[in-house]
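Notes for the structure review
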Amino acid sequence: MFPLKMYLTDGAGNITGTAFADENSNNGTEEIKKLLAGGWLPVEYDYRMTQRWQSVLKRLGLESVKMLYGDGTFYKTLYAGRTEPKVRIGVLGGGRGYTLAEFCRQSDIAELVAVCDNDPRCLDSLRERFGDGVAYYSDFDSFLTHETDLVVLANYANAHAPFAVKALDAGKNVLSELLPVQTMSEACELADAVDRSGKLYIYGENCCFMAAPKKMKKLFDIGKMGEFRYGEGEYMHDLEKDWFRHSHSDPAHWRNTMTAFYYCTHSIGPLIHVSGLRPVSVTGFEAPYTEKMRRMGAKGAPFGMEIITLENGALIKSVHGVGPAEYSLWYSALGDAGKLESERNILGGEGSGRLYAKTEPSSLENGVTLLDSKDEDTSDGLTELAKGFAHGGADFYMMYNACEAVRGNKQADIIGFYEAMDMFLPGMFAYFSVLDGGVPKKIPDLRDRAQRERYGNDRRCVDPAVAGYQLLPSYSKGDPEIPEEVYESMRKRLREFYATGDR
Ligand SMILES: NC(=O)c1ccc[n+]([C@@H]2O[C@H](COP(=O)([O-])OP(=O)(O)OC[C@H]3O[C@@H](n4cnc5c(N)ncnc54)[C@H](O)[C@@H]3O)[C@@H](O)[C@H]2O)c1
């Protein structure tokens, strides 16, 4: 366990001293007592500081103490005997939403109060799992009237934006699953809704919280890596075996109609989060359509690639798709001072759970400890609790941070709306680039209201109900023919799957 951190500040709020103490040793407790008496204050610098400090205060018989953020500014007054209220969570969509709802069962900071799904079979299985203490809805508008602090949108990936706008306008904080929007027009509407609501919009790019990318961000944030220059992200996921289930064997399901570029934030997102930089242009490359995709009933190419330029000239190569032969979730980040790389998944590698790190002696200021490790320590104050949770614990971190942000912790690691766009728009504009013969495309910045004006009527996407006359094909060379028998045989497998009693 990491030691507790304390600051001494002068009257003007400048940090004049930093101390660390181990609350689990007798010496440490005595030391903390002395420091508190001398005006030193607890610092929010790792997960679960509130809980740890509350038990220290109880042990020392102290009622309350002020707590500071890492920059020395005031965070909150901590009370030994006061339990902070749990974040009340409502979840829309019981597939992926089931996993996110599960967080509430395993965490002491959140409580599941309502779920919504318009598929009765799905709702039944949620009821079976989460019991009578939770309210069940099949209609989103009624669900929104339920008292919640955070609404998790885990409905169809191409339908999040209108639900997010409604929820924000109803005064809810929102956590949206992938992807944030399906058109520029929706992006502009959502930007307006985020701005006018004053509520939190949190994007659920869970890969940012896998051990390797999470530590990569920390190392760049503390200046250990120098300036970000180049990154590679790979999310190659062979989903053929379970596609009948993932796509509901429905030709119109988003998984069957999406382009190879749509599901792009697993590979791009963590690198944007690590770099803290905005993407400014992109060129797209699309792999040729394959028989495997036809067998799956999917109309997009098996994978797509983006080459992205960031605002400082740094480059990102991103590749992702649902139709490659092997699984790979992999990241690397090069800074002026060295390189970080997650392990490869192939041949038993631990993938993004493990980090290689190397920095060079010449490139950093004197006195900085150099990195040279094939197993960089990625642990923190949440590691033990997150063990066993989905996606290498990343889903636990994502939900934990979202709840902390809702509770008012400004240091919580969340992805806001504009950063979500920085993760998503490179994929969308990479497809526009492909459709335009490989010409690089500028990536809009919706923080700038003038750009919202420009893109307000841009409805280009693969969903006919949204695109109208601006409809795009799922594959750049035209929608491939998929015989109806493909879906018929998948539907048969789906019926058999449900007949066995599994979800
Ligand atoms: N981050 C990750 O690792 C990860 C993994 C899987 C899925 N996802 C995301 O989770 C979301 C859901 O994916 P999924 O795999 O559960 O499959 P899905 O998209 O098929 O499931 C959506 C669920 O929402 C329900 N739903 C849709 N519209 C509704 C409405 N208007 N009212 C009530 N219920 C409605 C459906 O009945 C269904 O149960 C997608 O956005 C997907 O991108 C993320």
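What you see is a predicted model; the values in this text were computed from it and never measured.

**Comments concerning the domain arrangement of the chain**
Each assigned domain of the chain is listed here: domain 1 (4-79) and domain 2 (207-470). Here the C-alpha centroids of domain 1 and domain 2 sit 36 Å apart. Domain 1 puts six residues into the contact, and the matching count from domain 2 is seven residues. Classifying every residue of the side of domain 1 that touches domain 2 gives two nonpolar, one polar and three charged.

**Some thoughts on the sheet that holds strand β6 (residues 87-92)**
Ordered in space as β8-β7-β6-β9-β10-β11, the six strands form an open sheet in which the pairing is parallel. Each of the sheet's edge strands pairs with one partner strand only, and the pair in question is β8 (135-137) and β11 (201-203). When strand polarity is set aside, the average angle formed by the axes of neighbouring strands in this sheet is 25°. Sheet topology note: the strand β10 (residues 173-176)/β11 ladder contains three bridges and is parallel. Bridge pairing in β11 places serine 176 opposite tyrosine 203. Sheet strands in contact with helix α6 (residues 160-169) are β6, β9 (150-153), β10 and β11, and its direction is about 165° off that of β10. The sheet strands contacting helix α14 (residues 394-406) are β6, β7 (110-116), β9, β10 and β11, and the helix crosses β9 at an angle near 150°.

**A look at the environment of leucine 179**
Topologically, leucine 179 is positioned in the loop between β10 and α7 (184-197). Between the C-alpha atom of leucine 179 and that of alanine 157, which follows or precedes it by 22 residues, the distance is 5.4 Å. Once residues lying within four places of it in the same chain are set aside, the contact partners of leucine 179 are Ala157, His160, Tyr262, Tyr263, Thr265 and Phe424.

**Points about the nonpolar core**
Residues Val152, Ile202 and Ala402 are the most contacted members of the largest nonpolar core, which totals 128 residues. With eleven residues, helix α15 (residues 417-435) is the largest single contributor of residues to this core. Sequence-distant contacts of isoleucine 202, defined by excluding residues within four places in its chain, comprise Val174, Leu175, Ala402, Ala405, Ile414 and Ile415. Residues Leu4, Met6, Trp40 and Trp53 belong to the second largest nonpolar core, which totals 14 residues.

**Quick look at the sheet that holds strand β18 (residues 355-359)**
Within the open sheet, the nine strands sit side by side as β19-β18-β17-β16-β12-β15-β14-β13-β20. Their pairing is mixed. Pairing within the sheet leaves two strands with one partner each, and these edge strands are β19 (372-373) and β20 (441-442). Judged from the six bridges that link them, strand β14 (residues 304-310) and strand β15 (residues 315-321) form a sheet pairing that is antiparallel. Paired with glutamate 306 across the strands is serine 318, a residue of β15. Along the sheet face, helix α8 (residues 211-221) touches β12 (228-236), β16 (328-335), β17 (338-342) and β18 and points at about 10° away from the line of β16. This element, helix α11 (residues 265-275), spans β12, β13 (279-286), β14, β15 and β16 of the sheet and lies at about 155° to β12.

Rules and cut-offs
Residues numbered from 1 in each chain as written. Predicted model: local features only at pLDDT ≥ 70, side-chain atom pairs only at ≥ 80, totals over all residues. Domains from an automatic or database assignment. Contact = placed C-beta atoms within 7 Å. Nonpolar A, V, L, I, M, F, W, Y, C, P; charged D, E, K, R; others polar. Pairing = 2+ DSSP bridges. Helix = DSSP H or I, 4+ residues; strand = E, 2+ residues; numbered from the N terminus. Axes fitted to C-alpha atoms, helices over the stretch in contact; angles between N-to-C directions. Core = buried A, V, L, I, M, F, W, Y, C linked by C-beta atoms within 7 Å. Buried ≥ 20, exposed ≤ 12 C-beta atoms within 10 Å, placed from the backbone.

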